[in-house]
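Single-letter residue listing:
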Amino acid sequence: MSVLSGLSGPADLRDLDEDELSCLAAEIRELLITSVASNGGHLGPNLGVVELGIAIHRVFESPADRVVWDTGHQAYVHKMLTGRAGQFGALRTEGGLSGYPSRAESEHDWVENSHASTSLSYADGMAKANHLLGKPDHVVAVIGDGALTGGMAWEALNNIAADNDRRLVVIVNDNGRSYTPTVGGLANRLTEIRTNPKYEPALNAIKDRLTHTRFGGTKAYEALHAIKKGVKDVLAPQGMFEDLGLKYIGPVDGHDRESIEHALSQAKRFGGPVLVHVLTTKGQGYDIAVANENDQMHQANPFDRETGEAVNVAPAGWTSVFRDEIVRIADERPDVVGITAAMLYPVGLDAFADKFPDRVFDVGIAEQHAVTSAAGLAMGGLHPVVAVYATFINRAFDQVLLDVALHKCGVTFVLDRAGVTGDDGASHNGMWDMSLLQIVPRLRLAAPRDGAQLRELLREAVDVDDAPTVVRFAKGGVCEDLPAIERVGTYDVLTRDTAQDVLVVAVGVFGHMGSEVAELLRAAGYGVTVVDPRWVKPVDPALAALAGDFDLVVTLEDNGRQGGVGAAYTQAVRDAGIDTPIQVHGVQQEFLDHAKRDVILGRLGLTAEAVASDTIAALARNTPAG
């Protein structure tokens, strides 16, 4: 029996000897590589925290001691150590393990929101609750240096440092990267610490002192603190944290389990908030991942473990179309600049940055700052293009509303992975944006149905200089171009019959589904017209008026039904005095379990067959008897 398969939970780790612990680390890395090679997932971040994960669960007693993983994509090791190693064959598949912590899976998982920079705030609240309820348990928050670029993390640190009575340990997992190398002043400071050659002897001295220390708590920290203060003038890593009032231990070699355990044990005994700075390497133990210059296999599709190459070559994606077109626009428009929040490659701004490095700004995981900085750039005479995943624009809604729209700033937002994304679970689905943004005055929102429309609508968006514009598109392969037969106002007519029984308003990527619905309805004897609004906000008055010519209107959107495009269109139709029945098809407003996108859409009834069936039933209900 392997060491890993013999674990029933984290308590078993404390009974393992050194040889068994070494075998365990190797087995975890092997399972990580095998599982992700088969199902895809986050490989590099998890390979980097194997020793850290083992050390955490040997020093602390989960679930009484709560362990919170920031973002959560690096929690695979934690899952294995808490009794779920045998389920990794079904990682990120329907009914299988989630790629993030999941409260439904285990009592050891506390936070399943995969948005970064939140762990310290959760931990602050948990530690306050423990203190007020008289519980002696610890809270451990693991946060990467990338997530520390988010302002929310520093708001939490400011509060954590204000109270010395709470048992809270902050572990900074410093690998110099988020998706890609961490940027900004904080990143530069941490890099100085990681690369300073004088640190190695200091680390050894600290390790030796800890090894021979028999006392704990405050005295142990003071001994460590004295060692660090002795070299402060030369090295001074603790300064930026201790200036906040936080006790600091480190930096610690994140692949030396014994050193990590010593540091965590001292932090635990101190009895108040302590920050432990751990240096790790993303992809550790798999040379192919470490050597990957783009993202060290941060998130990998299924791959050949011998080469690291993807098993299947993905079709050209929406992101690649944007990547190409934004460079073309930048060539023509020297006023166009790009902004990303630590996702240069995933959102397709990398080619723009390569060609015009002075015109692309990676602000770190700081969406709020990105949006208001974009407003400033617009006020300064430039046209910023802010590219983020659709789910992350939620984090900067106030800035879109009051910093950009209120000031009539010409800023274009490009929302990648909009709609149902699938594998990564509830907090990665980009199904909220078209509902949230509907209420922003002046904002214009476009949803292209194919690559040609993405190029066209992106150009239309950057031509607007007195209001925010949004262009949103789905995850994955781009749809085959779907030509229109006519453009009326701002909307496209995709197909039209003489009989006017049903009007299908198909938004964005659902344009193809709208055409399929039309074919099924025609086969049932109904006349159908399919239109693509292109610009879904504001609603074109001509498109609202069109509803009056039909017996039934059906809207299709890859977004929540509440407050989305269908709801806005219905309101516009009613405001025009038209009472044609309208069926709104969209995503149910719920947190969706992870599965493949097509599986989720089928579950929600968002297929051509299901929509056609619902439409035929509605027509039958609306037809007078006799």
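Calculation rules
- Residues numbered from 1 in each chain as written.
- Predicted model: local features only at pLDDT ≥ 70, side-chain atom pairs only at ≥ 80, totals over all residues.
- Heavy atoms only, no water.
- Helix = DSSP H or I, 4+ residues; strand = E, 2+ residues; numbered from the N terminus.
- Contact = heavy atoms within 4.5 Å.
- Areas by Shrake-Rupley, 256 points an atom, 1.4 Å probe, with all protein chains shown as cover.
- Pairing = 2+ DSSP bridges.
- Axes fitted to C-alpha atoms, helices over the stretch in contact; angles between N-to-C directions.
- Core = buried A, V, L, I, M, F, W, Y, C linked by side-chain atoms within 4.5 Å.
- Buried < 20%, exposed > 50% of the residue type's maximum accessible area, 1.4 Å probe, protein only.
- pLDDT = per-residue confidence, 0-100.
- 1 Å grid on protein atoms, 1.4 Å probe; cavity = no way out; pocket = protein on both sides within 12 Å on 5 of 7 lines; lining within 4 Å.
- Points joined across faces, edges and corners; volume = space filled by probe spheres on them.
- Nonpolar A, V, L, I, M, F, W, Y, C, P; charged D, E, K, R; others polar.
- Parallel < 35°, antiparallel > 145°, perpendicular 65-115°, else oblique.
- Left-handed = near helix turned anticlockwise from the far one by under 90°.
- Polar contact = N/O pair within 3.5 Å; in protein donor to acceptor, adjacent residues only side chain to side chain.

S.K.: Teacher, can you tell me more about the overall build of the chain here?
M.R.: A count of helices and strands for the chain gives 24 helices and 18 strands. Intrachain contacts of the chain at a sequence separation of at least 6 include 77% that bridge at least 24 residues. Total accessible area on the chain is roughly 24100 Å²; 50% of this is exposed by carbon and sulfur atoms.

S.K.: Can you walk me through the sheet that holds strand E2 (residues 139–144) in this structure?
M.R.: In any sheet, the strands associate via hydrogen bonds between backbone groups, in a parallel or an antiparallel arrangement. Ordered in space as E1-E2-E3-E5-E4, the five strands form an open sheet in which the pairing is parallel. The sheet is open, and its two borders are formed by strand E1 (66–69) and strand E4 (247–253), each paired with just one other strand. Ignoring strand direction, the axes of neighbouring strands in this sheet form an average angle of 20°. As paired strands, E1 and E2 are joined by four bridges and run parallel to one another. Within E2, the position partnered with Val-67 by the bridge is Val-140. Most of the contacts of helix H5 (residues 119–133) go to E2, to which it runs at about 170°, and overall it touches E1, E2 and strand E3 (168–174).

S.K.: What am I meant to see in the nonpolar core here?
M.R.: The tendency in soluble globular proteins is for nonpolar side chains to be buried as a group. Counting 63 residues, the largest nonpolar core has Phe-322, Phe-352, Val-504, Met-513, Val-517 and Leu-556 as the members making the most contacts within it. Here this core gets seven residues from one element, more than from any other, and that element is helix H13 (residues 318–332). What Phe-352 contacts, discounting residues up to four positions off in sequence, is Ile-326, Val-327, Ala-330, Val-336, Val-337, Gly-338, Pro-357, Arg-359 and Val-360. In this structure, Leu-16, Val-169, Ile-260 and Ala-300 belong to the second largest nonpolar core, which totals 53 residues.

S.K.: Sorry, what's going on with the sheet that holds strand E7 (residues 360–362) here?
M.R.: With respect to topology, seven strands assemble into an open sheet ordered E7-E6-E8-E9-E11-E10-E16, the strand pairing being mixed. Both edges of this open sheet fall to E7 and strand E16 (535–537), since each of them pairs with a single strand only. Neighbour-to-neighbour, the strand axes of the sheet open up by a mean angle of 25°, direction not taken into account. Here strand E10 (residues 444–446) pairs with strand E11 (residues 469–472) via three bridges, running parallel. Considered in E11, the bridge of Leu-445 is made with Val-470.

S.K.: Help me understand the environment of Leu-275, please; the structure alone is not making it clear to me.
M.R.: Note that Leu-275 resides in strand E5 (residues 274–279). With relative accessibility at 0%, the residue Leu-275 sits in the buried group. In this structure, the C-alpha to C-alpha distance between Leu-275 and Leu-246, residues 29 residues apart in sequence, is 6.7 Å.

S.K.: Help me understand unusual backbone geometry, please; the structure alone is not making it clear to me.
M.R.: Most peptide bonds are trans, and most residues other than glycine sit at a negative phi. Omega for the peptide link from Gly-250 to Pro-251 comes to 0°, which places this bond in the cis form. By the secondary structure assignment, Pro-251 is in strand E4. Here the bond from Lys-537 into Pro-538 is cis, since omega is -5°, no more than 30 degrees from zero. Here Thr-71, not a glycine, exhibits a phi torsion of approximately 70°, which is positive. Positive phi outside glycine occurs at Arg-417, with the angle close to 55°. Inspection of the secondary structure puts Arg-417 in the loop between strand E9 (412–416) and helix H18 (433–436).

S.K.: Help me understand the confidence of the model for the chain in this model?
M.R.: Detailed reading of the predicted coordinates is not advisable wherever pLDDT falls low. A residue-level look at the chain finds 89% of positions with pLDDT of 70 or above and a mean pLDDT of 89. pLDDT under 50 marks residues 214–236. Its contacts with residues more than four places away, or in other chains, come to 39 contacts.

S.K.: So what exactly am I meant to see when it comes to the layout of surface pockets here?
M.R.: Empty space left among the atoms is revealed by rolling a probe the size of a water molecule over them. If you add up the space inside the second largest pocket, you get close to 520 Å³. Around the second largest pocket, the lining is made up of 25 residues, and of these Glu-112, Gly-425, Ala-426, Leu-592 and Asp-593 lie nearest the centre. Split into classes, the residues belonging to the lining of the second largest pocket amount to seven nonpolar, 12 polar and six charged.

S.K.: Quick question: what am I supposed to make of the environment of Glu-107 here?
M.R.: Among the secondary structure elements, Glu-107 is positioned in the loop between helix H4 (76–84) and H5. For Glu-107 and Ser-62, which are 45 residues apart along the polypeptide, the C-alpha to C-alpha distance reads 8.7 Å.

S.K.: Even after reading the chapter, I still don't get H4, so can you show me in this structure?
M.R.: Two residues of an α-helix separated by three or four positions point the same way, owing to the 3.6 residues in each turn. For H4, the buried fraction is high: eight of the nine residues fall into the buried class. Listing the buried residues of H4 in full gives Tyr-76, Val-77, His-78, Lys-79, Met-80, Leu-81, Thr-82 and Arg-84. Along its buried surface, H4 packs onto helix H1 (18–39), helix H2 (44–47), helix H3 (50–59) and E1.

S.K.: I would appreciate a short explanation of the packing of H1 against H4 in the present structure.
M.R.: Contact geometry of H1 with H4 gives a least axis separation of 11 Å together with a crossing angle of 120°. Between H1 and H4, the crossing angle belongs to the class labelled oblique. In this structure, H1 crosses over H4, and the sense of that crossing is right-handed. Contact residues: Leu-24, Ile-28, Leu-31, Leu-32 and Val-36 in H1; Tyr-76, Val-77, Met-80 and Leu-81 in H4. Its residues assigned to classes, the contact of H1 with H4 comprises nine nonpolar, no polar and no charged.

S.K.: Sorry if this is basic, but what is going on with empty space enclosed by the protein here?
M.R.: With the rule as written, the count across this model stands at four cavities of 30 Å³ or more. Each pocket or cavity is described by its volume, and for the second largest cavity that value is around 80 Å³. What lines the second largest cavity is Ala-418, Met-434, Ala-447, Pro-448, Arg-472, Phe-473, Ala-474, Val-507, Gly-508, Val-509 and Asp-558. Its residues placed into classes, the lining of the second largest cavity shows eight nonpolar, one polar and two charged.

S.K.: What am I meant to see in the side chain of Arg-449 here?
M.R.: When you line up the elements, Arg-449 lands in the loop between E10 and helix H19 (451–462). Exposure remark for Arg-449: the relative accessible area of 2% places this residue in the buried category. Within the structure, Arg-449 has its side chain in polar contact with the side chain of Asp-492 (distance 3.0 Å). Here Arg-449 is in contact with Trp-318, Cys-479, Leu-482, Pro-483, Ala-484, Asp-492, Leu-494, Gly-508, Val-509, His-512, Asp-532 and Arg-534, once residues within four sequence places are set aside.

S.K.: Please clarify how the side chain of Asp-109 should be interpreted in this entry.
M.R.: Its place among the elements puts Asp-109 in the loop between H4 and H5. Residue class for Asp-109 comes out buried when judged on its relative accessible area of 4%. Here the side chain of Asp-109 touches Arg-84 through a polar contact of 2.7 Å, side chain to side chain. From its side chain, Asp-109 meets the backbone nitrogen of Ser-102 in a polar contact 2.8 Å long.

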